Amino acid sequence: MHNLNSKEPTGSIEGRWDKHQFDLKLIAPQNREKYNIIVVGTGLAGASLCATLGEAGFNVKSFCYNDSPRRAHSIAAQGGINASKNYKNDGDSVWRLFYDTIKGGDFRSRESNVYRLAQLSNNIIDQAVSQGVPFAREYSGYLANRSFGGAQVSRTFYARGQTGQQLLLGSYSAMSKEVASGRVKHYSRSEMLELIIVKDKARGIVVRDLVTGKIDSHTADCVVLCTGGYSNVFYLSTNAKGCNTSAGWRAYKKGAMFANPSFTQIHPTCIPPTGENQSKLTLMSESLRNDGRIWAPKNEKDCSKDPREIKEEDRDYFLERMYPSFANLVPRDIASRAVKSICDNGRGVGTEIDGQKLGVYLDFSTIIDKDGESKVKSSYGNLFDMYESITGENPYKVPMKIYPAPHYTMGGLWVDYNLMTTIDGLFATGESNFSDHGSNRLGASALMQGLADGYFIAPRTVIDYLASVDFETIDSTNPEVLSAVKSAEHRISKLMNAPDPIHSPDYFHKKIGRILWNCCGMSREKDSLERAIEEIKSLELLFWKNIKVTGVDDDFNQTLERAGRVADFIELGQLMCLDALAREESCGAHSRVEYLSESGEAKRDDKNYSHVSAWHYDESGPTIIKEALSFEYIKPSERNYK
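Computed from a prediction, not measured in an experiment: that's the story for all the values here. (Residues numbered from 1 in each chain as written. Predicted model: local features only at pLDDT ≥ 70, side-chain atom pairs only at ≥ 80, totals over all residues. Heavy atoms only, no water.)

Caption draft 1: Structural context of the overall build of the protein. Summing up its helical and strand segments, the protein has 16 helices and 21 strands in all. On C-alpha atoms alone, the protein measures out to a radius of gyration of 24 Å, which is about the 26 Å that the 2.2 N^0.38 rule sets for 642 residues. The C-alpha extent of the protein, read off along each of the three principal axes, is 75 × 60 × 50 Å. Sorting the 642 residues of the protein into buried and exposed places 60% on the buried side. Summarising the internal contacts of the protein: among those between residues at least 6 apart in sequence, 74% fall at separations of at least 24. (Helix = DSSP H or I, 4+ residues; strand = E, 2+ residues; numbered from the N terminus. Rg over C-alpha atoms; globule rule 2.2 N^0.38 Å. Buried < 20%, exposed > 50% of the residue type's maximum accessible area, 1.4 Å probe, protein only. Contact = heavy atoms within 4.5 Å.)

In structure tokens, the structure reads:
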């Protein structure tokens, strides 16, 4: 079993990354074409990494399960990307972004990683602007900023409500240049099924062509996973339906530790669910909380009224009341718990589901009355259009309805300061690792991490690894490669040939999603987590007995794709519950009801739980190894946003 060595540099925190970079090994330009790198995933982290390594002269193989790299889920990020440029002259700095991120994560992340992220944030904006990303601008020509949750300064750069899409087009364009040069060879519609380990080092992957069904192996000198998060484990989430955990889970079962799997973020501003037949939920950007005011009726009898008929004195602007310092811009975990509490107390609005109305209002009437509809339209127009097309209601005239939904995952593969997992030669970047956000991610920080990892961090640390290892040549005939292919084929055969095929993958996906939402979602407690673990074990047995996969395995078969992903979600769900059960405190988005303050706020236990929980796979059951967290520059304090 691995011991955890974070490989954090020492010395002044301001100089750690610069000093560390200098200590990392380099490879001469004329020697770089000798090295081969596999990158799985083409979101912001993957596309930017492919572009950077390709431009540096390395040979890169890129894989994604979508029909184009541009379809990566990074396009769904709407509101913006953080950077500490202080264009508003309102007191922002690298230190303040560092502090806000550590505090926002409720002191459950590494100081060194978070400071590096804040330090690199300004470089990301310069890189994106040079690529032509159309950030919003002030009349003067300066890039515009707006506020996001968990900050009292305006540091979020944005392109209306399409920031993720525009940033991905920038990195995809840079990657496409390297595809044209031949340095990057890209494979769309290819899903990773297995990780190839040779002599304890990651040396390749097994993939299935999702169009033809062909299974093939690809070898390289190292592998980088840029495969996103796992919120689709809840079935209903803001993630695209194809988002999954399978690449990371294959790595976990080959020896890569999984860190903080129960740290999952619930986004407060999503369109509420409407019924059993829904397949996903829709995010409304956190940027809307800049100008939209969140409220609920003070009186339960008003919850069925048209909101425009409810008088001002009968409205409860509860976030403004509860958190006067941050008001509607409190961090996501805090806003989500507050919204849930309002609905649990019978003051929800909208469609009733299971005897409860799940929704509160997000109202723009104040800003429209002040600045006019055209001003609001210039900032949020496409978001308002999207809301109207989904709900049939005009948010310029009627307040939006919102409710929390699974969105982002702070947990992921454990990585050290170099973004390497506990398997030599296997790196994880962006949302697929756990490294930067602790137990809650601040809004507009996901894009920041993905691009920092892809453009500036992983290219340096991957090269250091390549320069430090003597690689033996391997190909598709290597015994370990053949064994990995056989393992993937065996799993597919098992999925195709269940003893008593009855139920579809979606049937089981809904089952695991409901168990996790009820027991390991916005609130967790000991008895329900223990019950959930037993229910998931039973569900897993039923899955392998009753899963029904129609069609054939050597052709296009989306049912087979979904079945494999749901099998991994079921296993992951059990680990999430084990992790939540083991952490007997409340911190950030991990809300153990036994460990909340009298006012319902998270109540950390720094004496016993100031650590990262890294889980090691074992067939007899996962074991936990703890990475102690130390805070040299920002001392843990009560996380107060009031």
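Caption draft 2: Representation of the nonpolar core in the model. Ranked by internal contacts, the top residues of the largest apolar core, which has 139 residues, are Ile81 and Leu195. For isoleucine 81, the contacting residues outside a window of four places in its chain are Ile124, Ile125, Phe135, Arg155, Thr156, Phe157, Thr163, Leu167, Ala444, Leu447, Met448 and Leu451. Counting 35 residues, the second-largest nonpolar core is a separate cluster that includes Met284, Ala335, Val376 and Phe384. (Core = buried A, V, L, I, M, F, W, Y, C linked by side-chain atoms within 4.5 Å.)

Caption draft 3: Summary view of a negative patch on the surface. On the surface, a cluster of negative charge is contributed by Glu489, Asp553, Asp554 and Asp555. Assignment of secondary structure puts aspartate 555 in the loop between helix H14 (526–546) and helix H15 (558–582). Of the residues examined, aspartate 555 reaches a relative accessible area of 39% and is grouped as partly exposed. (Patch = residues over 30% accessible without salt bridge, like charges linked within 9 Å, V, L, I, M, F, W, Y side chains within 5 Å. Areas by Shrake-Rupley, 256 points an atom, 1.4 Å probe, with all protein chains shown as cover. Salt bridge = Lys/Arg side-chain N within 4 Å of Asp/Glu carboxyl O. Lys, Arg positive; Asp, Glu negative; His and termini not counted. Charge placed at Lys NZ, Arg CZ, Asp CG, Glu CD.)

Caption draft 4: Fine view of the domain arrangement of the protein. Partitioning the protein into structural domains gives domain 1 (267–406) and domain 2 (479–605). Taking only C-alpha atoms into account, the centre of domain 1 sits 31 Å from that of domain 2. Tallying the contact residues gives 11 residues for domain 1 and 11 residues for domain 2. Of the roughly 860 Å² buried between domain 1 and domain 2, counting both surfaces, carbon and sulfur atoms make up 52%. Considering only the side of domain 1, the residues that lose the most area to domain 2 are Glu276, Arg337 and Lys340, jointly responsible for 51% of the buried surface there. In this structure, the connection of domain 1 to domain 2 is made through 0 salt bridges. The tally of links between domain 1 and domain 2 comes to 2 residue pairs in polar contact (both at pLDDT 80 or more). Per element, the largest residue contribution to the side of domain 1 that touches domain 2 is 5 residues, and it comes from helix H8 (residues 332–344). Residue composition of the side of domain 1 that touches domain 2, by class: 5 nonpolar, 1 polar and 5 charged. (Domains from an automatic or database assignment. Buried area = accessible area lost by both parts, 1.4 Å probe. Polar contact = N/O pair within 3.5 Å; in protein donor to acceptor, adjacent residues only side chain to side chain. Nonpolar A, V, L, I, M, F, W, Y, C, P; charged D, E, K, R; others polar.)

Caption draft 5: Focus on the sheet that holds strand E6 (residues 190–198). A sheet is described by the order of its strands in space; here 3 strands give the open sequence E6-E7-E8, paired in antiparallel fashion. With one partner strand each, in any of the chains shown, E6 and strand E8 (215–219) form the two edges of the open sheet. Sheet twist, expressed as the mean angle between neighbouring strand axes with direction ignored, is 25°. As paired strands, E6 and strand E7 (residues 201–209) are joined by 8 bridges and run antiparallel to one another. Across the sheet, the residue bridging to serine 190 is aspartate 209, located in E7. (Pairing = 2+ DSSP bridges. Axes fitted to C-alpha atoms, helices over the stretch in contact; angles between N-to-C directions.)

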